[in-house]
Amino acid sequence: MSQVDDGHLPGLNPIMDGEHRVQLGLIDALCAAVEARAGSEEIGQILETLLEYSKTHFLSEELLMRLDSYEGFDEHVEDHAEMLDTLAAMVDTYRIGEKELIPGQTRKLLAFLIHHIETRDARYVSAPRI
Ligand SMILES: [Fe+2]
Ligand SMILES: [Fe+2]
């Protein structure tokens, strides 16, 4: 059953909420595919789409934070980098067929992203603008 619903979107702003909805939907689809033991092609496609989408979304957030001279930029970007590293490692592992993804890995990623959106992203959106 899906764990992703709008309850995880703290109503940041319409563009960010829309991007988070897509990003969370992709991770949710990945969790479902891994748990259903879907074919490697399907899982690989979701993983690569999620990685590319996440890169684009994180970059757009980072540009906005730069424009706002946001003081929490560095710690926020560390979270983005950690998630991209994890995802890239999953893609690499999957591509070379070394081992299957396990549901715990993908659920952990989902929990990490939900936490990031509810804390760091929410903090950025509510930060005072000069
Ligand atoms: Fe975000
Ligand atoms: Fe973020």
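In this convention, every chain numbers its residues from 1, walking through the sequence in written order. Lettering of chains starts at A and numbering of ligands starts at 1, both following the order in which they are written. A pLDDT threshold of at least 70 governs which residues receive local features in this predicted model, and a stricter bar of 80 or more applies before side-chain atom pairs are shown or counted, although totals over entire chains, interfaces and linings include all residues.

## Some remarks on the nonpolar core
Nonpolar side chains tend toward joint burial in soluble globular proteins.
Phase 1: The biggest cluster of nonpolar side chains holds 16 residues, and the ones touching the most others in it are Leu-26, Ile-27, Leu-30, Ile-46, Leu-47 and Leu-50.
Phase 2: Residue assignment for this core shows that the elements contributing at least two residues are α1 (14-35), α2 (40-67) and α3 (73-95).
Phase 3: Whether two residues are in contact is decided by their C-beta atoms, placed from the backbone, lying within 7 Å. Ignoring anything within four residues of it in the chain, the contact list for Leu-50 reads Leu-26, Ile-27, Leu-30 and Leu-87. Here, a nonpolar core denotes buried Ala, Val, Leu, Ile, Met, Phe, Trp, Tyr and Cys residues that are linked to one another through C-beta atoms within 7 Å. Here a residue counts as buried when 20 or more other C-beta atoms sit within 10 Å of its C-beta, as exposed when there are 12 or fewer, and as partly exposed otherwise, the C-beta atoms being derived from the backbone. The helix count covers DSSP runs of H or I at least four residues long, the strand count covers runs of E at least two residues long, and both are numbered beginning at the N terminus.

## Describing the packing of α3 against helix α4 (residues 103-126)
Phase 1: For every element, the axis is a line fit to its C-alpha atoms; helices are fit only across the contacting stretch, and the angle between N-to-C directions ranges from 0 to 180 degrees. Look at α3 against α4: their axes get within 11 Å of each other, and the N-to-C directions meet at 160°. When the axes of α3 and α4 are compared, the pair comes out roughly antiparallel. Once α3 is placed against α4, the crossing between them reads as left-handed. Each of His-76, Asp-79, Met-83, Thr-86 and Met-90 in α3 lies in contact with α4, whose residues at this interface are Gln-105, Leu-109, Phe-112, Leu-113, His-116, Arg-120 and Tyr-124.
Phase 2: All amino acids are sorted into three groups, where Ala, Val, Leu, Ile, Met, Phe, Trp, Tyr, Cys and Pro are nonpolar, Asp, Glu, Lys and Arg are charged, and the leftover types, Gly among them, are polar. For the contact of α3 with α4, a count of residues per class yields 6 nonpolar, 4 polar and 2 charged. Working rule for angles: under 35 degrees goes down as roughly parallel, over 145 as roughly antiparallel, 65 to 115 as roughly perpendicular, anything else as oblique. Whether a crossing is left-handed or right-handed is set by the direction in which the near helix is turned from the far one by less than a right angle, anticlockwise for left-handed and clockwise for right-handed.

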